[in-house]
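# Overview (structure and organization)
Listed below, chain by chain, are the residues.
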Amino acid sequence: MMEKYCSHQNHWYLTSDYLERNVALRLPQVVQTTIIQPGVCNITECFDEESHEGNDLLDFMTQVHCFRKNVSKEISENVLSFLKNGIARNSSGDCLISWDSKYLIMHK
């Protein structure tokens, strides 16, 4: 059984935590190394409804195609509010969020 189900996409996807646990249980001879690379994503364009790049980024982050068109105004406002509450601003005033990458390296 997979870890997560995306009902709006109608498919399953795996999380890195799921992979780590199951590899350890099913393949104990495999050595795992996890590397977390800290990162930052500039989401300033997400708050501009006319921005093509901002809308694409919202689609990617929410995994909803044409997010602004396909969700209610209330949900859109809630998501943008959530993003605003989690941001930091740099000296230029850009809106930044933490966007870490996790790499799972497996070898015998």
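Sequence order as written defines the numbering, with residues in each chain counted from 1. Thresholds applied to this predicted model are a pLDDT of at least 70 for local features of residues and 80 or more for the giving and counting of side-chain atom pairs; totals over whole chains, interfaces and linings are not thresholded and use all residues. The side-chain quantities take in all heavy atoms of the structure and omit both hydrogens and water.

### Quick word on the overall build of the protein
Only DSSP runs of H or I covering at least 4 residues are called helices, and only runs of E covering at least 2 are called strands; the numbering of each starts at the N terminus. When helices and strands are tallied, the protein shows four helices and seven strands. From first element to last, N terminus to C terminus, the protein shows the α and β order β-β-α-β-β-α-α-α-β-β-β. Per-residue accessibility, obtained with a 1.4 Å probe over protein chains only, is compared with the maximum for each type, and a residue is labelled buried under 20%, exposed over 50%, and partly exposed between these values. Taking all 108 residues of the protein together, the buried fraction comes to 23%. Should any heavy atoms of two residues lie within 4.5 Å, those residues are considered in contact. Within the protein, contacts between residues at least 6 apart in sequence are counted, and of these 52% link residues at least 24 apart. Working definition of accessibility: Shrake-Rupley area with a 1.4 Å probe, residue cover restricted to the visible protein chains. Split by element, the accessible area of the protein, about 8,000 Å² in all, is 54% carbon and sulfur.

### Observations concerning the pattern of salt bridges
The term salt bridge refers to a side-chain nitrogen of Lys or Arg lying within 4 Å of a carboxyl oxygen of Asp or Glu. Scanning the model with the defined rule gives three salt bridges in all. The salt bridge involving Glu20 is made with Lys102; its shortest N-O contact spans 2.9 Å. Here Glu20, found in helix α1 (residues 16-26), pairs with Lys102, found in strand β7 (residues 101-107); they are 82 residues apart in sequence, far enough to count as distant. Of the charged contacts in the structure, one is a salt bridge between Glu77 and Lys73, with a shortest N-O distance of 3.7 Å. Remark: Lys73 and Glu77 occur in helix α4 (residues 73-85); sequence separation between them is four residues, near one turn of the helix. Under the relative-accessibility criterion, Glu77 is labelled partly exposed at 45%. Here the salt bridges share partners, and the residues they tie into one network are Asp17, Glu20 and Lys102.

### Considerations on a negative patch on the surface
Surface patches are drawn from residues lacking salt bridges whose relative accessible area is over 30%; two like charges belong together within 9 Å, two nonpolar side chains (Val, Leu, Ile, Met, Phe, Trp, Tyr) within 5 Å. When charges are tallied, Lys and Arg are placed among the positive residues and Asp and Glu among the negative ones, while His and the ends of the chain are skipped. Think of each charge as sitting on NZ of Lys, CZ of Arg, CG of Asp or CD of Glu. Residues Glu45, Asp48, Glu49, Glu50, Glu53 and Asp56 make up a contiguous surface patch of negative charge. Residue position: Asp56 is located in helix α2 (residues 52-62).

### Some remarks on the sheet that holds strand β4 (residues 40-42)
Pairing between two strands requires that DSSP report at least two bridges joining them. Read from one edge to the other, the open sheet built from three strands follows the order β4-β6-β5, with strand pairing classed as antiparallel. At either margin of the open sheet sits one strand with a lone partner, and together these are β4 and β5 (88-89). Relative to strand β6 (residues 95-98), β4 runs antiparallel, the two sharing three bridges. Within β6, the position partnered with Val40 by the bridge is Ser98.

### Here's the deal with α2
Buried within α2 are the following residues: Gly54, Leu57, Leu58 and Asp59. Buried residues along α2 sit against β4, α3 (67-70) and α4. Any pair of N or O atoms that falls within 3.5 Å is considered a polar contact. Within protein, one atom must be able to donate a hydrogen and the other to accept it, and sequence-neighbouring residues count only if both atoms are side-chain atoms. The N-capping residue of α2, defined by a side-chain oxygen 3.5 Å from the backbone nitrogen of Glu53, is Ser51. Positive backbone phi, approximately 60°, marks Gln63, located one or two places after α2.

### Comments concerning unusual backbone geometry
One non-glycine residue, Gln63, adopts positive backbone phi at about 60°. Relative to the helices and strands, Gln63 resides in the loop between α2 and α3. The backbone phi angle of Cys66 is positive, close to 50°, even though this residue is not glycine. Summarising the element assignment, Cys66 is placed in the loop between α2 and α3.

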